[in-house]
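# Summary of the model geometry
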Amino acid sequence: MNPTLKRMLARAGLALAGIVLPLLLAEGVFRLLPAPLHADITFNAPSNSLMGLYEADRELIHRPSPGFEGTVRSLGYEVPIRVNSHGLRGAEPGPRTGERWLATGDSFTFAAQVVEEDSFVGLLNSPQRQVLHGGADGWGSWQALHQYKRLDEELELDGLLVVFFLGNDLHDNAHYRIEVGKPRRAEVGPIEKPSWLRRNSLLWARWRMRMRAEELKAPDNPERQRWANELSIFMQEDKGLRQALLTQTDAALRALKKETRQRGDRLLVAIAPPAFEVQPERVAPTFELVGLDPSATAVDAPAEEVRALLRRLDIDACDLVEPLKASPEGAYFEYDGHWTPGGHAVVADTITGCF
């Protein structure tokens, strides 16, 4: 090899090593450090959803695409996803064995962060009870009603388990009639595949979270306004807002109760808390991020009012709040805000007792 070229290549190699080695060292250091306590907002893991996983639907707004297969990859998990011909996660239902229930709700029910057998739905299945894996990212109680009505006779259901997520179901129920009337694409979800860095690098994640935190400081930032709007129901002074939002949830739950009773099926509503309600250390970083005063929060207020509503409507409730609070650390992913396999195990044990 030409000596000059050899020296140039050596210098280039040293320069490259001077760039790559510090980056690898930083990546290793960040893997040893805990995630920022607002990571479930600033990392925004749900945007890692797979292309083609959802399709538009007139009543449901969107639904899992029958026949879909793919793998969700993000920080902390790599999970195969399959959707059967009924638009449910998992294999085809097969022959009926014992009671047959449909579990439905939002992303906490669909549970793209864990493999099927580790989800609370998978853990609820037994020789005496078959639980089918419904739900979809972003759904509320109205979608739960419509999915149940479509599948009840076809799948010979005996019961409906609705997971009510306190973080945003009150808002989703209130806005359902507006959202359902909007035009939409045939395919729902991301228009491009998340990058390798987004799925794998904590160094990239920390940089992106820092940038998003800076963006959220701007009062006119749309994302800040959206998060502040959702989080406002957890503020002490916003009891009137909670009551206004409960009107549509009341209507949805009444419709669910009426429909299941007319069809001779059982109804069970599981109350699911956001991560900051279970892990108080997340409260201040989360609320301060969007300009809300953490000292003025009432993080348990939505749960109390949903419990009271279910009692008034005489609907069986399964409260997941206290069991998750009492569980060991690690019930929620650091960078995601959804349940880990350990969190799903707590939820499954609690719901089994409620059954």
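This report concerns the structure included in the present document. (Residues numbered from 1 in each chain as written. Predicted model: local features only at pLDDT ≥ 70, side-chain atom pairs only at ≥ 80, totals over all residues. Heavy atoms only, no water.)

## Regarding unusual backbone geometry
Its identity is not glycine, yet Ile 61 carries a phi of approximately 75°, on the positive side. Within the element layout of this structure, Ile 61 appears in strand 2 (residues 61–64). Non-glycine residue Ala 111 carries a positive phi angle of around 55°. Here Ala 111 is to be found in the loop between helix 3 (107–110) and helix 4 (120–124). With a relative accessible area of 0%, Ala 111 lands in the buried category. (Helix = DSSP H or I, 4+ residues; strand = E, 2+ residues; numbered from the N terminus. Buried < 20%, exposed > 50% of the residue type's maximum accessible area, 1.4 Å probe, protein only.)

## Remarks on the sheet that holds strand 7 (residues 159–165)
A sheet is described by the order of its strands in space; here five strands give the open sequence 6-5-7-9-10, paired in parallel fashion. Every other strand in the sheet has two partners, leaving strand 6 (129–133) and strand 10 (316–319) as the edge strands with one partner each. The sheet shows a mean angle of 25° between the axes of neighbouring strands, direction not considered. Pairing geometry for strand 7 and strand 9 (residues 266–272), over seven bridges, is parallel. Looking at strand 9, one finds that Leu 160 is bridged to Leu 267. (Pairing = 2+ DSSP bridges. Axes fitted to C-alpha atoms, helices over the stretch in contact; angles between N-to-C directions.)

## Thoughts on the state of the cysteines
In the structure shown here, the tally under the stated rule is one disulfide. Across the disulfide from Cys 318 sits Cys 354; the S-S distance is 2.1 Å. Residues Cys 318 and Cys 354 are joined through a disulfide that is right-handed, its torsion about the S-S bond being 80°. Note that Cys 318 is positioned in strand 10 and Cys 354 in helix 15 (residues 341–354), a separation of 36 residues in sequence. Using a relative accessible area of 0% as the deciding quantity, one classes Cys 318 as buried. (Disulfide = S-S within 2.5 Å.)

## What about the side chain of Ser 327?
Along the chain, the position of Ser 327 falls in the loop between helix 14 (321–326) and helix 15. From its side chain, Ser 327 meets the backbone oxygen of Leu 324 in a polar contact 2.6 Å long. (Polar contact = N/O pair within 3.5 Å; in protein donor to acceptor, adjacent residues only side chain to side chain.)

## Here's the deal with the packing of aromatic side chains
Overall, the coordinates contain nine aromatic pairs when judged by the stated rule. Aromatic ring contacts, followed pair by pair, group Phe 108, Phe 120, Phe 165 and Trp 339 into a single cluster. Above the ring of Phe 110, the side-chain terminus of Arg 89 is found at 5.9 Å from the ring centroid. Just above the ring of Trp 142 sits the side chain of Arg 177; from NZ or CZ to the centre is 4.6 Å. (Phe/Tyr/Trp six-rings, centres within 6.5 Å; stacked < 30°, edge-to-face > 60°. Lys NZ or Arg CZ within 6 Å of the ring centre and 35° of its normal.)

## Things to note about helix 13 (residues 301–312)
When the terminal C-alpha atoms of helix 13 are compared, their 17 Å separation across twelve residues agrees well with the 16 Å that a helix rising 1.5 Å per residue should span. Those residues of helix 13 lying buried are Ala 301, Pro 302, Ala 303, Glu 305, Val 306, Arg 307, Leu 309 and Leu 310. Just downstream of helix 13 lies Asp 314, where phi reads positive at about 55°. (Expected span 1.5 Å × (residues − 1).)

## Remarks on the packing of helix 5 (residues 141–155) against helix 6 (residues 169–179)
Following both chains from N to C, one finds helix 5 and helix 6 inclined at 65°, their axes separated by 7 Å at the closest point. On the basis of the axis angle, helix 5 is roughly perpendicular to helix 6. Packed against helix 5, whose contacting residues are Ser 141, Trp 142, Gln 143 and His 146, the element helix 6 presents Asn 173, Tyr 176 and Arg 177 at the interface. Split by residue class, the contact of helix 5 with helix 6 holds two nonpolar, four polar and one charged. (Parallel < 35°, antiparallel > 145°, perpendicular 65-115°, else oblique. Contact = heavy atoms within 4.5 Å. Nonpolar A, V, L, I, M, F, W, Y, C, P; charged D, E, K, R; others polar.)

## Focus: the pattern of salt bridges
On inspection of all chains with the given rule, the structure shows 19 salt bridges. The salt bridge partner of Glu 99 is Arg 129, with a shortest N-O separation of 3.6 Å. Taken together, the residues Glu 99 in strand 5 (residues 99–104) and Arg 129 in strand 6 connect sequence positions 30 residues apart. Accessibility expressed as a relative area gives 28% for Glu 99, which makes it partly exposed. As a salt-bridge pair, Arg 226 and Glu 230 come within 3.7 Å of each other at their nearest N and O atoms. Residue Arg 226 and its partner Glu 230 are located together in helix 9 (residues 222–231), separated by four residues, close to a single helical turn. Under the relative-accessibility criterion, Arg 226 is labelled partly exposed at 34%. On the basis of relative accessibility, which here comes to 15%, the residue Glu 230 falls in the buried class. Each of Arg 212, Glu 223, Arg 226 and Glu 230 takes part in salt bridges that share partners, so that together they form one network. (Salt bridge = Lys/Arg side-chain N within 4 Å of Asp/Glu carboxyl O.)

## As for the environment of Arg 73
Within the element layout of this structure, Arg 73 appears in strand 3 (residues 69–74). For Arg 73, a relative accessible area of 32% translates into the label partly exposed. Each C-alpha atom, one on Arg 73 and one on Gln 113, is 8.5 Å from the other, the two residues being 40 residues apart in sequence. A polar contact is formed between the side chain of Arg 73 and the side chain of Glu 78, at a distance of 3.3 Å.

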